[in-house]
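# Overview (structure and organization)
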Amino acid sequence: MTENQPDSPGTPGQGSGDDEAEQEVVRLASHTDEGGDSYAHATLTPPDDTRAKETLHDLRPIIPVIFIPGVMGSPIVTADTGEEAFFAPNMDTVGAMLGGFLSVIVGWFQSASSRESRFDPLSVSVTPLGPINVGDGKTITEKEARRRGWGSVYRTSYQPVLLWLEQQLNNPMLCAKLQGAWCEPDPKGETWALHPVLDTAPTQYGAYGKGGAITEESPEFKRFVKFRYRVYAIGYNWLQSNDDSGRDVVTGVDCPDPQTKKKTRLMGITEICKENDTGKAIILTHSMGGLVARFAVLNHGAEGSIHGVFHGAQPATGAPLAAKRYKTGGGPEGGMNGFINGSLLGRDADEFIAVMANAPGPMELTPMPDYHNGAAWWIFSRPDGTVLMQFPKNGDAYNDLYLNADWYGLLPKEDQLDPAKRVRKRLGKDATGANVLLNHYKATLKQVVIRQSQLTNHYHGNTYVAYGNGGLDTLSPAADTTTEAASKDKPTVEQGELTKNLLAWGNAIWTGDVPADVQESELRAATLLHDSGKGELRVLLEQRNLSVTFTMQKTNKIPDVSATTDWNRVASKTGIIRGDGTVPAWSADAQARGLKPDVPGDPAKGVQMAFVQAGYEHMKSYAHPWTRWALLYSVVQIVKDIEVPGGA
């Protein structure tokens, strides 16, 4: 038996018939069962096979590692029958791609009322019965992966990193020899980083905060290898409030099973810790999952059940994209992204509002009170960037925008709120009289803003974060790039998406050709003539008998991107800034307050290190070497102060 379990394939001594192989050792990988005990399956060898046989069992104490996905990253089913309501289209096999495209095509033609019914947060539940891919099954069996909740997260984007973590966290060494990502670089920077985790400064991968290079002899690495790590996942109903989801990921959920007509258990943090005989877990999140984890800490007592947290690609203070779609839907956003977003989220404003107005979780992705340190983000301007009027004033989007029924505000019309009449039916006898639906919507929105305010600068006390700020093409290699990586025959930086593909709406800017002498008061008093629901507003300046058309940039693209692009000018004219294609860097940067010198605002409480990175698209962040490097480094840092049972 050994201290480190060889779960990765390719252990020596198997299947070779030469003389040298006869002296090798046949080593069998082991797995852990539900109770954490180690077991292995062996096939008997012929009598003339005289090689030594070993099963390598891992007896180290366990620290659970729990992954929480982003919005639309969990499969959801109807709560009463368990039938599929929404499974994100998988794109990891040819068959899955065909099925995914078919579902997107079908979704494109859904009406507003159909969308409201499909995405009703009170009628659906998360399920752990989504599709699973564990590769060859040598690292973890499908049965065990499902028991650990892997089926509750999107297969294409999330399960590959769960499998990779199961391998890398548990196998940094084999028979006292380093292996894997800890010591082996990828010379091309494609599937892994140019530099291993050990002996590399974290600044190489964008780190701000205290912490230097880890070595094989570092106390924190020696502590890290004393534990094994069982990787779990907890999906959630992403349509309900992130606060409610924070409760669910702590307590767990009983989910409907359409085949057995019984409930299938999706374990929560408390239950997972209990089954591993440990008081705390390590939490990893993607995107909106970061908000869920923060609510779990703030309102549901999870602080004491968590050793530390790693947030990836978190919209820490929301994003204008979520608010922009109130006026545009997802359809006009261009190319395949526009097609997919239109299919899933609504082709125009009416279809988008039918879902969004009744789904507190996605509503909480709108810009928070401290977005961009309280700066206005809903802007009307001339083509040259001259601002005519902007909101919110003093960070109060609730009153300035969300309750504003004027042509430039974001309060929907009552007939947009409940096309399927599900809310009216739920309200019952209280749903009589004028403005009932609007009042219900306003009350829901009020709670959204209150919850957003709770999150301001609050994180678990031992938090590490990583997020994207454009592409590697406009990023200079770090000053401490090693000689090996900088040689003429090898790349100096990892491969990744270009900056032009990683832009996001930092502000939502409406541009109109308005006469130079028009003041804000006259513009506010204009009469709405037409709202296309796809990003065009036409208003009448009555005193002049002049109509003006305002348009929102449809795509998150700009004509030219280079290392010399003036991003301040681009932002002022278009609202487009660098990010990860979805989350603008202004939102993600909030996590680096107090660490990164150019980020204004009070320090983000609890954040120990922020990795400001580049080269990856939002949904693919955990597939990129930079995120994965930061993740492994952060886990070691989180573990460094954990007491080893028995003092070993």
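Scroll up to find the structure this text is about.
This write-up is about the structure you can find in this document. Given the structure is predicted, the values throughout are model-derived calculations rather than measurements.

## Topic: the overall build of the chain
Within the chain, the regular secondary structure consists of 22 helices and 26 strands. Within the chain, the proportion of its 648 residues that are buried is 56%. Sequence separation of at least 24 residues holds for 72% of the intrachain contacts in the chain that already meet a minimum separation of 6. A total accessible area of about 26500 Å² is found for the chain, and carbon and sulfur atoms account for 51% of it.

## Considerations on the pairing of strand 15 (residues 281–286)
With respect to burial, strand 15 is a largely interior element, 6 of its 6 residues being buried. One ladder, built from 4 bridges, connects strand 5 (residues 62–68) with strand 15; its direction is parallel. Within the sheet, the bridge partner assigned to Phe-67 lies in strand 15 and is Leu-284. In this structure, strand 15 lies alongside strand 16 (residues 306–312), joined through 6 bridges in parallel fashion. Across the sheet, the residue bridging to Leu-284 is Phe-310, located in strand 16.

## Description of the sheet that holds strand 24 (residues 546–552)
Neighbouring strands of a sheet are bound in pairs by backbone hydrogen bonds; such pairs are parallel or else antiparallel. In space, the 6 strands of this open sheet follow the order 18-17-21-24-23-22, with mixed pairing throughout. With partners counted over all chains shown, the strands left at the sheet margins are strand 18 (387–391) and strand 22 (527–531), one partner each. Going across the sheet, the axis of each strand differs from the next one's by a mean of 20 degrees, ignoring polarity. With 6 bridges connecting them, strand 23 (residues 536–541) and strand 24 associate as antiparallel partners. Across the sheet, residue Leu-541 finds its bridge partner in strand 24, namely Leu-546. Across the sheet, helix 10 (residues 320–328) is in contact with strand 17 (378–381), strand 21 (508–512), strand 22 and strand 24; its angle to strand 17 comes to roughly 60 degrees.

## Side note on helix 5 (residues 155–170)
An ideal rise of 1.5 Å per residue puts 22 Å on 16 residues; helix 5 measures up with 22 Å between its terminal C-alpha atoms. Of all 16 residues making up helix 5, 13 are buried, and the element is well covered by its neighbours.

## Description of the sheet that holds strand 12 (residues 228–233)
On the basis of which strands lie adjacent, the open sheet formed by 7 strands has the order 11-26-19-16-15-5-12 and mixed pairing. What marks the edges here is a single partner per strand, and that holds for strand 11 (207–209) and strand 12. Recorded for the sheet is a direction-independent mean angle of 20 degrees between the axes of neighbouring strands. Relative to strand 12, strand 5 runs parallel, the two sharing 6 bridges. In the sheet register, Phe-67 faces strand 12, and the bridge partner there is Ala-233. Across the sheet, helix 5 lies against strand 5, strand 12 and strand 15, angled at about 170 degrees from strand 12, the strand it touches most.

## Considering the packing of helix 10 against helix 12 (residues 349–356)
The relative placement of two packed helices is expressed as an angle between their axes plus a distance between the axes. Put simply, helix 10 and helix 12 touch, their axes get as near as 6 Å, and they point 130 degrees apart. Here helix 10 lies oblique to helix 12, going by the angle between them. Between helix 10 and helix 12, the residues in contact are Ala-322, Arg-325, Tyr-326, Lys-327 and Thr-328 and Ala-349, Phe-352, Ile-353 and Met-356, respectively. By residue class, the composition of the contact of helix 10 with helix 12 is 6 nonpolar, 1 polar and 2 charged.

## Quick notes on the pattern of salt bridges
Under the counting rule described, the total for this entry stands at 24 salt bridges. Across the pair Arg-265 and Glu-271 runs a salt bridge, and its minimum N-O distance is 2.9 Å. Look at Glu-271 and you get partly exposed, because its relative accessible area is 28%. A salt bridge links Asp-598 to Lys-596; its shortest N-O distance comes to 2.8 Å. Accessibility expressed as a relative area gives 56% for Asp-598, which makes it exposed. By relative accessible area, Lys-596 is classed as buried at 11%. The network of salt bridges with shared partners includes Glu-144, Arg-147, Arg-148, Glu-166, Arg-230 and Glu-275.

Reading the values: rules and limits
Residues numbered from 1 in each chain as written. Predicted model: local features only at pLDDT ≥ 70, side-chain atom pairs only at ≥ 80, totals over all residues. Heavy atoms only, no water. Helix = DSSP H or I, 4+ residues; strand = E, 2+ residues; numbered from the N terminus. Buried < 20%, exposed > 50% of the residue type's maximum accessible area, 1.4 Å probe, protein only. Contact = heavy atoms within 4.5 Å. Areas by Shrake-Rupley, 256 points an atom, 1.4 Å probe, with all protein chains shown as cover. Pairing = 2+ DSSP bridges. Axes fitted to C-alpha atoms, helices over the stretch in contact; angles between N-to-C directions. Expected span 1.5 Å × (residues − 1). Parallel < 35°, antiparallel > 145°, perpendicular 65-115°, else oblique. Nonpolar A, V, L, I, M, F, W, Y, C, P; charged D, E, K, R; others polar. Salt bridge = Lys/Arg side-chain N within 4 Å of Asp/Glu carboxyl O.

So far we have only geometry, and geometry alone does not tell us how the molecule works.
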